[in-house]
Amino acid sequence: MRRVVVMAFALLSLVVVLSPGVFGAAEESRRATITGTVLDATGAAVEGARIVLRAGQNPGLSATTSDLGQFAFSDIPLGSYELEVTAEGFAEQRSSIRVVEPRTYQITITLAPGALIEELTITAEPGLVSEHRQSVQAVTVIDQQDISLRAKAVLVQSVQQEAGIHLQRTSPTLGGVFVRGLTGNKVNVYVDGVRYSTAAARGGINTFLNLVNPTNLDAIEVLRGPRSTDFGSDAIGGSVQLVTPAPTLSSGPREWHGQWGITFDTATLGYGSHLRTTMGTKTFGFLSNLAGLRANTLRPGGGFDSHSALTRFLGLRSDTVHGSRLPDTAFTQYGGLLNLTWNPRPTHTISIHYQRGQQDGGKRYDQLLGGDGNLIADLRNLMLDFFYVRYHKQTLGALDLVTLRYSYNAQREERVNQGGNGNPQATIAHEYEKTRVHGVTAQADKLWRSSSLRLGAEYYHERVRAPGFGVQPVRPTPITIPRRPRVPDGALFRSGAAYIEATSGIFGQRLKLVGGVRYSAASYRARASDAPEVNGRRLWPDDSLRVDNVSGRAGALVQLTPSLGLSFHYSRGFRAPHITDLGTLGLTGSGFEVTGPEAAPLGGLIGSTADHTAVSTGLPVTQVGPELSDSYDLAIRLRRGRLKLDLTGFINDLSEAITKQALILPPGAVGKMLGGERIVRQEPNGIVFVALSSAPVLVRANFGDVRIWGIEKALDLGLTDRLTVGGVFTYLWAEDKQTGAPPNIEGGTPAPDAWLRLRYTVTRRLWIEPYLHAAGRQPRLSTLDLEDRRTGALRSRSSIAAFFRNGATARGLIGPGPDGVLGTPDDVLRATGETLAQVQDRVLGVGVSQAPLFRAIPGYVTFNLRGGIQVGENQQLFFDLENIGDRNYRGISWGVDAPGRSLYLHYRITF
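Residues numbered from 1 in each chain as written. Predicted model: local features only at pLDDT ≥ 70, side-chain atom pairs only at ≥ 80, totals over all residues. Heavy atoms only, no water.

## As for the overall build of the protein
Moving on, step 1. In terms of regular secondary structure, the protein is built from eleven helices and 58 strands.
Moving on, step 2. By the compact-globule yardstick of 29 Å for 911 residues, the protein fits well, its C-alpha radius of gyration being 28 Å.
Moving on, step 3. Looking at the 911 residues of the protein, the share that counts as buried comes to 61%.
Moving on, step 4. If you take every contact in the protein between residues at least 6 apart in sequence, the share linking residues at least 24 apart comes to 69%.
Moving on, step 5. Across the protein, 94 positive and 82 negative side-chain charges occur, with their mean positions spaced 1 Å apart. (Helix = DSSP H or I, 4+ residues; strand = E, 2+ residues; numbered from the N terminus. Rg over C-alpha atoms; globule rule 2.2 N^0.38 Å. Buried < 20%, exposed > 50% of the residue type's maximum accessible area, 1.4 Å probe, protein only. Contact = heavy atoms within 4.5 Å. Lys, Arg positive; Asp, Glu negative; His and termini not counted. Charge placed at Lys NZ, Arg CZ, Asp CG, Glu CD.)

And the structure:
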């Protein structure tokens, strides 16, 4: 770690050495002018079009076209810029421009309704704003309009309908992003270049991603494939970049702009609103956004829950008991964003950014009646405080761009759970958890006519506050006792890195090369002295780990013809095990987990699978180490007239992959304590169970090597000026390289998936778009998937009995038998009059001890219709009629079914 800090200071020293004329006249002579003309498809000038010139994530300069369609920006520092053009009745147009010489740049922009617009990316290549087709690595750009149409309740819904990317939803409030079959802490998240993911991130979900309100964003960029070189650990599947809006400075008098919107969705009978305000002068900019949403109970497709505890344990349809809307799926979300920007001089920018987000009333529906049938699974007070201050300097000595950042990221939650399949006498676990992260980053860029170089360094210091206690609900007075939290209280994680990246265009830009190398280091520490003492024993032991690694990437883009490009990209990814990998203990989405140090003293061995069939591998349980990835991409990109086609194939090899396996203990384990829970059952093969979960106890291990390969296709074709057809297709295959079986990586592997759309621009004020979503059947479920309540929904005779006697009885579904006394062996299921034994035989089959509810994820097809209407000057109404056929479906590792037939409305006015 010390070496990384020294390298960071060396970078800053280099900046000073190369910058003798920081405030001198040298920078004044390195300015350019940009002039242009905006035309429509007929060649006529477009008057009143608004032009915004923006350098990456910095505030933009604005201008308005004259009656001749002309505009100009003068005194522009050298750099890479995005030019955004908007005019009433036309599709928004974005283009990139690279200013590398102090001269006048002249451009012409043609606007057309329904035109195919090439997306711009600001994160795919170091230091550059570039077109999607010029990126060597595969990248997806989701713009503000797509975010507003897709994110009906939470942010992660925005990633649907894109190649190589899938949605993960554990509950109505919690979700994640699959990138090429990996999710959770294998896909990291950044906000404006600042790391948002923390070392407490879970393996199959991103708990806090949805605390970023969709209206806080201008775009989402997803880098598909490992990108550890500049985005560090946890990027071995890919990286999600959240781009927030920046104020627009005025070249003339002070300018005020704003946006107000309201939404309504029949799927949840939910409603929301947001108000964005921005003000700009020549040197100062201000932007704020306030947003709130109320989502009520969800109606899934068909009006029933496919994985309900009623179906899983009793064989009853959920709607026969609680109707078509799912209980415990409502929540409230609110928050906002503030961005202050000051340009003391034309080449100096200081930005202060703060986001606040909170969710109230959320619950883990998959642990309640949506899966386990428990009585309590609360997600209380999920809170986000995200702050950064950024100094950006253009033209600093020999450098063109220098960016320094300090950030503070605080993510808080409190989980309250009661297990036992609805046992009202079970201990109620309280797990408060707050992760505080302080970070510093530095970047320096040098741009030439066709090349660029970036030097960077970063350091993040993370500490978790995680006290835990349990309440035993016995009468007359409940008893509170200390308990081991999910991760050790006071756990510390530190990470740092230094890296260098370069791009170069040669042969007249016919060949583009990229490359980079990064040195990373990370350390973890948990102290027994921070643990409460119970019965003379600390609740967790001392534990520490330090790892480091060198990663990198290299790639090339060959422009075979002006319209056809071929790219290759190789990336070496590195993922340091962090607090969740090293310290997780307790109930998770996959079941009850223990850490290596907790299981080792009991003689723990690693099981061959994650389910009840596991046998001992003979490998002792140890603390996990790093995992690595080697990824290879080959892509073809075609742009010819109205046609835009991207076809990509990839292979991602994971070495020493961290998977979840069943824990094997020596005979006689029943009654012993494991992670604060008593072992209640042990099978002859050595697997053990605790009362909190019907699945075997799991332990994480670097177990085997995994290969994921796939194909991604994206197509857009303009049939006419008004009619466009488009679609995406994704196919993934994941296997353990030794056995060929699906790997026990959290989240599983999404099924083959396709989206097809047909957009018709009726007039400049109206467009409509029928679209179809189809997913294939996914029979390749790992043993972890089959045990997971969200996917396979395993049930056994013991778990059926537990729900029958506890959750079902507490909810009034069980009545007394012939003896007239509730709680005796002759009790019956009121809906059918069956005894427990009869229910077990009907649900599982006579003589069957246990089986999953689903052995495969069914395929499905949904039909949908959306559109947009310009209802007045600067007023728009978007609508989306979703799942018209009311199909019931869900994706892999989802804890709640998708919405049924519903209508979503979004009204927006800009001023």
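## A look at a nonpolar patch on the surface
Moving on, step 1. Judged by side-chain polarity, Val558, Leu560, Leu566, Phe568, Tyr632, Leu634, Ile636, Leu647, Ile651, Trp709 and Ile711 come together as a nonpolar surface patch covering roughly 860 Å² of accessible area.
Moving on, step 2. Per-element tally for the nonpolar patch: the top contributor is strand β40 (residues 627–640), with three residues.
Moving on, step 3. Here Leu566 is to be found in strand β35 (residues 564–575).
Moving on, step 4. The class for Leu566 is partly exposed, based on a relative accessible area of 32%. (Patch = residues over 30% accessible without salt bridge, like charges linked within 9 Å, V, L, I, M, F, W, Y side chains within 5 Å. Areas by Shrake-Rupley, 256 points an atom, 1.4 Å probe, with all protein chains shown as cover. Salt bridge = Lys/Arg side-chain N within 4 Å of Asp/Glu carboxyl O.)

## Details of the pairing of strand β37 (residues 591–594)
Moving on, step 1. Sheet topology places strand β36 (residues 586–588) next to β37; three bridges connect them, and they run antiparallel. Counterpart to Gly586 in the pairing with β37 is Glu593.
Moving on, step 2. Pairing of β37 with strand β46 (residues 698–702), which is carried by two bridges, proceeds in the parallel orientation. Paired with Val594 across the bridge in β46 is Val699. (Pairing = 2+ DSSP bridges.)

## Considering the nonpolar core
Moving on, step 1. Ranked by internal contacts, the top residues of the largest apolar core, which has 42 residues, are Val177, Tyr196, Ile220, Val240 and Leu242.
Moving on, step 2. Of all the elements in the fold, those that place two or more residues in this core are β11 (165–169), β12 (175–179), β13 (187–191), β15 (219–224), β16 (238–243), β20 (284–295) and β24 (376–396).
Moving on, step 3. If one sorts the elements of this core by residue count, β24 sits on top with five residues.
Moving on, step 4. Look past the residues within four positions of Val177 in its chain and what remains in contact with it is Val156, Val159, Ile165, His166, Leu182, Thr183, Gly184, Val187, Leu209 and Val240.
Moving on, step 5. Counting 26 residues, the second largest nonpolar core, distinct from the first, contains Phe71, Phe90, Leu111 and Leu447. (Core = buried A, V, L, I, M, F, W, Y, C linked by side-chain atoms within 4.5 Å.)

## Examining empty space enclosed by the protein
Moving on, step 1. Of the pockets and cavities examined, the second largest cavity occupies roughly 300 Å³.
Moving on, step 2. In this structure, the second largest cavity is lined by 25 residues; those nearest its centre are Ala151, Asn213, Pro214, Thr215 and Thr263.
Moving on, step 3. Among the residues making up the lining of the second largest cavity, the classes are represented as nine nonpolar, 13 polar and three charged. (1 Å grid on protein atoms, 1.4 Å probe; cavity = no way out; pocket = protein on both sides within 12 Å on 5 of 7 lines; lining within 4 Å. Points joined across faces, edges and corners; volume = space filled by probe spheres on them. Nonpolar A, V, L, I, M, F, W, Y, C, P; charged D, E, K, R; others polar.)

## As for the environment of Gly303
Moving on, step 1. Along the chain, Gly303 falls in the loop between β20 and α4 (309–314).
Moving on, step 2. With 14 residues separating them along the chain, Gly303 and Arg317 place their C-alpha atoms 9.9 Å apart.

## Some points on the sheet that holds strand β42 (residues 658–664)
Moving on, step 1. Sheet architecture is open: six strands sit in the order β36-β37-β46-β42-β38-β39, paired in mixed fashion. On the outer flanks of this sheet lie β36 and β39 (616–620), each paired with one strand and no other. Going from strand to strand, the sheet's axes swing by 50 degrees on average, the running direction of each strand aside. (Axes fitted to C-alpha atoms, helices over the stretch in contact; angles between N-to-C directions.)

## Let's talk about the side chain of Asn652
Moving on, step 1. Structurally, Asn652 can be placed in strand β41 (residues 643–655).
Moving on, step 2. From its side chain, Asn652 meets the backbone oxygen of Ile236 in a polar contact 3.1 Å long.
Moving on, step 3. Apart from residues lying up to four places away in sequence, Asn652 is in contact with Leu182, Pro226, Ile236, Ser629, Asp630, Ser631, Val706, Arg707 and Ile708. (Polar contact = N/O pair within 3.5 Å; in protein donor to acceptor, adjacent residues only side chain to side chain.)

## Structural notes on the pairing of strand β21 (residues 331–345)
Moving on, step 1. Bridge count between β20 and β21: twelve bridges; the pairing is antiparallel. Residue pairing across strands places Gly285 opposite Thr341, the latter belonging to β21.
Moving on, step 2. Note: β21 against strand β22 (residues 348–360), twelve bridges, orientation antiparallel. Within β22, the residue paired with Tyr334 across the bridge is Gln358.

## Things to note about the sheet that holds strand β53 (residues 828–829)
Moving on, step 1. On the basis of which strands lie adjacent, the open sheet formed by three strands has the order β52-β53-β54 and antiparallel pairing. Looking along the sheet, the strands with just one partner apiece sit at the ends: β52 (814–815) and β54 (834–835).

## Examining the pattern of salt bridges
Moving on, step 1. This structure, assessed with the given rule, holds 59 salt bridges.
Moving on, step 2. Between Glu413 and Arg415 there is a salt bridge; the shortest N-O distance is 2.7 Å.
Moving on, step 3. Since its relative accessible area comes to 7%, Arg415 is described here as buried.
Moving on, step 4. Across the pair Arg483 and Glu677 runs a salt bridge, and its minimum N-O distance is 3.4 Å. Here Arg483 is found in the loop between β29 (479–482) and β30 (492–506), whereas its partner Glu677 is found in strand β44 (residues 677–682), with 194 residues between them in sequence. A single burial state applies to Arg483 and to Glu677, both of which are buried.
Moving on, step 5. Three or more residues are tied together by salt bridges with common partners; here these are Lys186, Arg195, Asp234, Arg575, Asp581, Glu593, Glu627, Lys660, Arg700 and Glu746.

## A short note on the environment of Ala200
Moving on, step 1. Locating Ala200 in the fold gives a position in the loop between β14 (194–195) and β15.
Moving on, step 2. Judged by relative accessible area, which is 6%, Ala200 ranks as buried.
Moving on, step 3. When the C-alpha atoms of Ala200 and Leu340 are compared, they prove to be 30 Å apart, with 140 residues separating the residues in sequence.
Moving on, step 4. Leave out the neighbours within four places in its chain, and Ala200 touches Glu433, Thr435, Val464, Arg486 and Thr580.

## Some words on the packing of helix α9 (residues 797–805) against helix α11 (residues 836–844)
Moving on, step 1. In the contact formed by α9 and α11, the axes pass within 10 Å of each other and the chain directions differ by 130 degrees. Our classification of the angle between α9 and α11 gives oblique. In terms of crossing hand, the pair formed by α9 and α11 is right-handed. Residues Arg797, Ile800, Ala801, Phe804 and Arg805 of α9 lie in contact with α11, whose contacting residues are Leu836, Val839, Gln840, Asp841, Val843 and Leu844.
Moving on, step 2. Tallied by class, residues from the contact of α9 with α11 come to seven nonpolar, one polar and three charged. (Parallel < 35°, antiparallel > 145°, perpendicular 65-115°, else oblique. Left-handed = near helix turned anticlockwise from the far one by under 90°.)

## Looking at the environment of Phe387
Moving on, step 1. If you trace the backbone, Phe387 turns up in strand β24.
Moving on, step 2. Among all residues touching Phe387, those that are not within four sequence positions of it are Ile352, His353, Tyr354, Tyr406, Ser407 and Tyr408.

## Digging into the confidence of the model for the protein
Moving on, step 1. Per-residue confidence for the protein averages 89 on the pLDDT scale, and 94% of its residues sit at or above 70.
Moving on, step 2. Looking across the protein, the model is least confident in helix α1 (residues 2–17), with a mean pLDDT of 46, and most confident in α4, with 97.
Moving on, step 3. Counting interchain partners and residues more than four positions distant, the pLDDT-below-50 stretch residues 4–26 has 32 contacts. (pLDDT = per-residue confidence, 0-100.)

## Examining α11
Moving on, step 1. Every buried residue of α11 is listed here: Leu836, Val839, Gln840, Val843 and Leu844. Taken end-on, α11 shows its buried residues confined to a sector of 100 degrees, consistent with a single buried face.
Moving on, step 2. At its buried positions, α11 is contacted by α4, β51 (794–796), α9, β53, β54 and β55 (850–852).
Moving on, step 3. Count one or two residues on from α11 and you reach Gly845, which has phi positive near 105 degrees. (Arc of directions from axis to C-beta.)

## Describing the packing of aromatic side chains
The way to describe two aromatic rings as a pair is by their centre distance and the angle between their planes.
Moving on, step 1. Per the stated rule, a full pass over the model turns up ten aromatic pairs.
Moving on, step 2. Both rings, one in Tyr196 and one in Phe386, keep their centres 5.8 Å apart while their planes meet at 55 degrees; by these two values the pair is tilted. A residue pair is termed long-range when its members are at least 10 positions apart, and Tyr196 in the loop between β14 and β15 and Phe386 in strand β24 qualify at 190 residues. Each member of the pair, Tyr196 as well as Phe386, is classed as buried.
Moving on, step 3. In textbook terms, an aromatic cluster arises when at least three aromatic residues are bridged by ring pairs, as seen for Tyr196, Phe386 and Tyr388.
Moving on, step 4. Sitting over the face of the ring of Phe650, Arg180 holds its NZ or CZ atom 4.2 Å from the ring centroid.
Moving on, step 5. Over the ring of Phe689 we find Arg681; its NZ or CZ atom is 3.8 Å from the centre of that ring. (Phe/Tyr/Trp six-rings, centres within 6.5 Å; stacked < 30°, edge-to-face > 60°. Lys NZ or Arg CZ within 6 Å of the ring centre and 35° of its normal.)

## Notes on unusual backbone geometry
Moving on, step 1. The phi torsion at Asp234 lies on the positive side, around 75 degrees, for a residue other than glycine.
Moving on, step 2. Counting through the fold element by element, Asp234 comes out in the loop between α3 (228–231) and β16.
Moving on, step 3. Residues other than glycine seldom take positive phi values, yet Thr395 does so here, at roughly 65 degrees.
Moving on, step 4. We classify Thr395 as buried; its relative accessible area is 2%.

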